[in-house]
Amino acid sequence: MESFGFCFLMLTIAILASPALSDLVLSKVDRRIYLTSHIVRISSTMKVENAGSEKESKVLLAFPEQQAKNMAYLIATPHEGKGKGKNPVVVLPVEAANPKDMPAALTFYSVSLPKGLAEGDSFTFDVLAVFTHALRPIPEQITQADIQLVLYQDSAHYLSPYAVKVQSLSVKLPDSRIESYTKLENTKIHGSEIKYGPYENIPSFSYSPIAVHFESNLPFAVAHELVREIEISHWGNVQVTEHYKLIHGGAQSKGEFSRLDFQARPNVRGASAFRYLVANLPPRAHSVYYRDEIGNISTSHLRGDSKKTELLIEPRYPMFGGWRTAFTIGYGLPLLDFLFESDGKRFLNITFSSPMVELVIDALIVKVVLPEGSTDISVAAPFPVEQWQETKISHLDIDGRPVVVLKKTNVVPEHNQFFQVYYHFSQLSMLREPLMLISGFFFFFVACIVYMHADISISKSSASYLAKQQWEEVQAVIQQVQNIISRCLTTHDNLEASLRDLSRTGNIQACKAARKAADGLLKELSKELKPLLTFLQSSPSAAQVLPKVEELVAKERELQEKVMVKHSTVVDGYEKKLGARDIENRVALQQQKLTALRQEVDDLLEFIDEI
């Protein structure tokens, strides 16, 4: 309210300080503010009269600076009146204006009339202004169980540089549940509609602040960014892919979320959340999909008829205030419905914005991917947009496909109008990809024929064949070494098992017999290792792996010695009839070294096996 109070003060000063702009007078102004969604639409019907002697051809529209910042769309059209037939819409030119000696707190636009107004002439026209982020959640944070209340602020008097003879205002709300509203003279409320006026003989720059605090649980769907990619294929398809980064732009959710409460009473324990969005796709859309980073989302429903295709999508979780989600939808369209020819050029005629119902887009990027070989590219859009060109490399491309990039901020459904992309394209360019495929298959078959008839076998006397044979012999010897080491490790395990049997049975003689048998087996295995090591030492092919093999044999021998020492220590303890705790203390340090050595041996075996 403070910002509006300051604005009111500035405008009051402007009333006293600003000179008369012209002899134009607004004989009647009828304003309708629609607050039935989070996009605010103000529709005004104005009758302007020329009370002076000079001819007038332009009418100024004034908006407070704060309100102008949120303006997304502004259009003026001649008023047709009730009961008149549907005629093609004639749009009156609207452009930004900067008249002299006007209040700095106001933003002006000028509407060009179809013909100048002479003295005593009048003209009636309609103005539609669309605003985003104009509803402020009060309170700014709510729990899952709370309803969402929003505040809207405006003026009961039409802010204009001209005097107004008669004016009225109606504010249409989504529901009759109103928390509070400003009560002025001639204020009436009928259900979900508040009416102010009529007010007569209002001077120029008159401003009467009003505020409406009301319940609104409608989806506050805001896309921070939307990237639409429209790819043209002259083989009969237009592929559209849309990447959304979506947020619930209403009151921030606080506290914990209970899915159980939400599923039991979604209209009570989640009234401010929205669970689905609706996209109105073109009539013959096909191959429709809806997915996010995890994968395809099955909670979507598609239905269509000859006039439209409706896609109802449901995010993976209900969207509360401040919650975000990202997803992608894609669909194909028949080329004949959107690609045409004019004056020797082809042009794409397709809608600019998102097909989502009542979606605010903070930043919209539209990429039109043209076929490779397209030239002389131009764009015709019904409103100003930033534009530049890029190149996209796709399958079977040589130079890449030209991409026309269009960007616009603060986009509302009213921007979803048709725009055109014109370009030259030769029919011969369509043969580029088929010829590439035919050439590729041709060279592939030629290569196969050459391969089948060529003798590419390796001679047994060649150096490469001998080197390969020597390496295979080295691999066989290394495998034998690994097997012997594995048998040694198994023998170590058997000795450990005999110690466990000794602790269980106390049979010292059986334990000594197990050690004697293990000692003999280990000596036999050591003898088997010697010729294998000698072969590896004499083979040049084994130079790379020989150090690791020798290290493996040395580590195993060290492990073998420590296993024998531990075994002797434990048996000696049992012969001296020491307690189990004393025996464990005597071999604790030895056991740590044994564990570390065994790990080193296992790592070396694994390393050699990978080689």
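Residues numbered from 1 in each chain as written. Predicted model: local features only at pLDDT ≥ 70, side-chain atom pairs only at ≥ 80, totals over all residues. Heavy atoms only, no water.

1. Digging into the sheet that holds strand β1 (residues 24-34)
No. 1: With respect to topology, seven strands assemble into an open sheet ordered β4-β7-β2-β1-β11-β14-β13, the strand pairing being mixed. In this open sheet, the two edge strands, each paired with only one partner strand, are β4 (71-78) and β13 (187-190). Taken over all neighbouring pairs, the strand axes of this sheet differ in orientation by 15 degrees on average, direction set aside.
No. 2: With seven bridges connecting them, β4 and strand β7 (residues 122-131) associate as antiparallel partners. Note on β7: the bridge partner recorded for Met71 is Phe131. (Pairing = 2+ DSSP bridges. Helix = DSSP H or I, 4+ residues; strand = E, 2+ residues; numbered from the N terminus. Axes fitted to C-alpha atoms, helices over the stretch in contact; angles between N-to-C directions.)

2. Some remarks on the pairing of strand β15 (residues 209-215)
Remember that side chains alternate between the two faces of the sheet whenever the strand is regular.
No. 1: In terms of residue burial, β15 counts as a mostly covered element, since six of its seven residues are buried.
No. 2: Note: strand β10 (residues 149-155) against β15, seven bridges, orientation antiparallel. Residue Tyr152 lies in a different strand from β15, and its bridge partner there is Val212.
No. 3: Note that strand β12 (residues 178-181) and β15 share three bridges and pair antiparallel. Note that in β15 the partner of Tyr181 across the bridge is Val212. (Buried < 20%, exposed > 50% of the residue type's maximum accessible area, 1.4 Å probe, protein only.)

3. Considering the sheet that holds strand β27 (residues 375-380)
No. 1: Taken together, the four strands give an open sheet; going across it, the order is β24-β25-β30-β27, and neighbouring strands pair in antiparallel fashion. Of all strands in the sheet, those with a lone pairing partner are β24 (339-342) and β27, marking the two edges. Pairs of neighbouring strands in the sheet enclose a mean axial angle of 25 degrees, with direction left out of account.

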